[in-house]
Structure formats: structure tokens, C-alpha cells
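Chain by chain, the residues:
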Amino acid sequence: MTTEATQKKAWIFHGYAASPEDHWFPWLAKELDAAGIPTTIPALPASEDPDPVRWVDAVRATVGQPDEDSIIVAHSLGCLTVLRHLSTLSGPWRLGSLVLVSGFVDRLPALPNLDPYIESSCDVQGLREHVGRLTLIRSDEDPFVPTGHTDRLARLLGTSAQVVPGAGHFLASEGITSLREVLDAVTP
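To start, this report covers the structure provided alongside it. Because the structure is predicted, anything quoted here is derived from the model rather than measured. (Residues numbered from 1 in each chain as written. Predicted model: local features only at pLDDT ≥ 70, side-chain atom pairs only at ≥ 80, totals over all residues. Heavy atoms only, no water.)

### Focus: the pattern of salt bridges
Taken as a whole, this structure holds 7 salt bridges when the rule is applied. Measuring nitrogen to oxygen at the nearest pair gives 2.8 Å for the salt bridge that ties R138 to D151. With R138 in strand β5 (residues 131–139) and D151 in helix α5 (residues 147–156), this residue pair connects regions lying 13 residues apart in the sequence. Residue class for D151 comes out partly exposed when judged on its relative accessible area of 23%. (Salt bridge = Lys/Arg side-chain N within 4 Å of Asp/Glu carboxyl O. Helix = DSSP H or I, 4+ residues; strand = E, 2+ residues; numbered from the N terminus. Buried < 20%, exposed > 50% of the residue type's maximum accessible area, 1.4 Å probe, protein only.)

Here it is, written out as C-alpha cells:
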């Protein structure tokens, strides 16, 4: 009898006007790699002028059909993009862990230039049943994503958001270059 070993793998998706080298993304990738979980931080195209089709296509090309050993972490607009990809999957599929940091599906008053991106529909109905571990993380005072937006997304996904006091929008410019809460959410 042979057993096939499975390998956990992780992807971290940045948000608007960000890159793989920003914020807490490199720290998390290094921590996950050290824990034996190969991690990729793909660059989403034209992050200063995001296109929903191109971004979802990039997530699809990177992740494809996830499995129980897949871990996806996303920040801000990356959350909406990942949710859009997952909502297009058909047939039986299962994602091991999904962590959404400052996630939302509603317009952002502080960033009206993103309205065209956000207005494209995203139906999260039924996604929860496909995800093993689901974690939403928000700050108590986010200058870009109102706390109620992340709380509403959490309710739509059948959970509640974990609050990190004083973390703003989880940006390096706000002093956030590591994020233990995300690491704890994806490692046993």
C-alpha cells in the first residue's frame, strides 16, 4: 500500500496600489516557508489601476482549483478578487484555509476611484461550505475600509471578524510589517 504525501501550499494576494514586497507579505511568506509551506506572492497586474477581469484571471492562473492543502491569504482589494475567483468555481472543491484581511464587497467612501472595480458583482453565497478554516481580520479603525464593511462581509460568509486594535489598514506605513494573527490563522 502506498500513500501519497500532500504538500500544503500558500498564496498571498496584495491589494490596490501594493506589490508582493509591501507591508507584511514578505514576513508572512518567510514564516510560512520556514514552517514547510511553500508560499507565493504573485504580483497582480497594474495595481495602481486594477482591472477586475485581469486580476481575477491572475488569481485563477495562480491558484486554479484549490484543494484542502491550499491556503489563500488576501488583503483589501485582493480579498474581493479572491472571492470573485472562488465564486466562479464549479463542481466539488475545497479550500483548506482562507484569511481575508480588511476584506469588503461594498464601495469604499475613501476610494471612490475603485467604484467601477467594486461594482462588478461578487456572490459569496455558499462559499463558506467550501472552506475549511475561514478567518476575517480587521482593525478597529481602518482609514480605507470601514469596519462595518468587513463585519458585513464576515456575516455574509457566516462568521465574525477578528479585531486587531490600532492596526489601521495593515500597511507598512502604519507600522504593520508582520501580522501574527494571519500566521496563527493558517498554522496549527
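### Focus on the side chain of S97
Structurally, S97 can be placed in strand β4 (residues 95–101). Ignoring anything within four residues of it in the chain, the contact list for S97 reads S70, I71, I72, R133 and V186. (Contact = heavy atoms within 4.5 Å.)

### Quick word on helix α3 (residues 77–88)
In a regular helix each residue adds 1.5 Å, so 12 residues correspond to 16 Å; α3 covers 17 Å between its end C-alpha atoms and thus fits that length. Taken together, the buried positions of α3 are occupied by L77, G78, C79, L80, T81, V82, L83, R84, H85 and L86. The inward-facing, buried residues of α3 abut β1 (9–13), α2 (52–63), β3 (70–75), β4, α4 (115–119) and α5. (Expected span 1.5 Å × (residues − 1).)

### Brief notes about the sheet that holds β5
Taken in spatial order, the 6 strands line up as β2-β1-β3-β4-β5-β6 in an open sheet, and their pairing is parallel. Every interior strand has two partners, whereas the edge strands, β2 (39–40) and β6 (161–164), have only one. Sheet topology note: the β1/β2 ladder contains 2 bridges and is parallel. Counterpart to A10 in the pairing with β2 is T39. Packing of α5 onto the sheet brings it into contact with β4, β5 and β6, and relative to β5 it is tilted by some 165 degrees. (Pairing = 2+ DSSP bridges. Axes fitted to C-alpha atoms, helices over the stretch in contact; angles between N-to-C directions.)

### Description of the nonpolar core
In terms of nonpolar packing, the biggest core is built from 38 residues, with F13, L83, L98 and L100 touching the most fellow members. Elements with a minimum of two residues in this core: β1, α2, β3, α3, β4, α4, β5 and α5. In terms of residue count, the dominant contributor to this core is α3 (6 residues). Beyond its immediate sequence surroundings of up to four residues, L98 is in contact with I72, V82, L83, L86, V131, R133, L134 and T135. Core analysis: the next-biggest nonpolar cluster, separate from the first, contains 24 residues, I12, F25, V73 and L183 among them. (Core = buried A, V, L, I, M, F, W, Y, C linked by side-chain atoms within 4.5 Å.)

### Observations concerning the packing of aromatic side chains
Aromatic ring pairs are defined here through the distance separating the ring centres and the angle between the ring planes. In the structure shown here, the tally under the stated rule is 2 aromatic pairs. Ring plane angle 70 degrees and centroid distance 4.7 Å describe the contact between W24 and F25, whose orientation is recorded as edge-to-face. Of the two residues, W24 and F25, neither departs from the other in class, the shared state being buried. (Phe/Tyr/Trp six-rings, centres within 6.5 Å; stacked < 30°, edge-to-face > 60°.)

### Brief notes about the packing of α2 against α3
Packed helices, taken two at a time, are described by the angle between their axes plus the distance between the axes. Packing of α2 against α3 leaves a shortest axis separation of 9 Å and a crossing angle of 65 degrees. Here α2 lies roughly perpendicular to α3, going by the angle between them. Crossing hand, α2 versus α3: right-handed. Facing P52, W55, V56, V59, R60 and V63 of α2, the residues of α3 in contact are L77, G78, T81, V82, R84, H85 and T88. (Parallel < 35°, antiparallel > 145°, perpendicular 65-115°, else oblique. Left-handed = near helix turned anticlockwise from the far one by under 90°.)

### Structural notes on unusual backbone geometry
Despite not being glycine, A17 has its phi angle at roughly 60 degrees, a positive value. Looking at where A17 falls in the secondary structure, it is placed in the loop between β1 and α1 (25–34). Positive phi, close to 65 degrees, is recorded for F170, a residue that is not glycine. With respect to the helices and strands, F170 occurs in the loop between β6 and α6 (180–186).

### Regarding the state of the cysteines
Any covalent bond linking the sulfur atoms of two cysteines counts as a disulfide. This structure, assessed with the given rule, holds 0 disulfides. No disulfide involves C79; its nearest neighbouring cysteine sulfur is the one of C122, lying 11 Å away. Owing to a relative accessible area of 19%, C122 belongs among the buried residues under this scheme. (Disulfide = S-S within 2.5 Å.)

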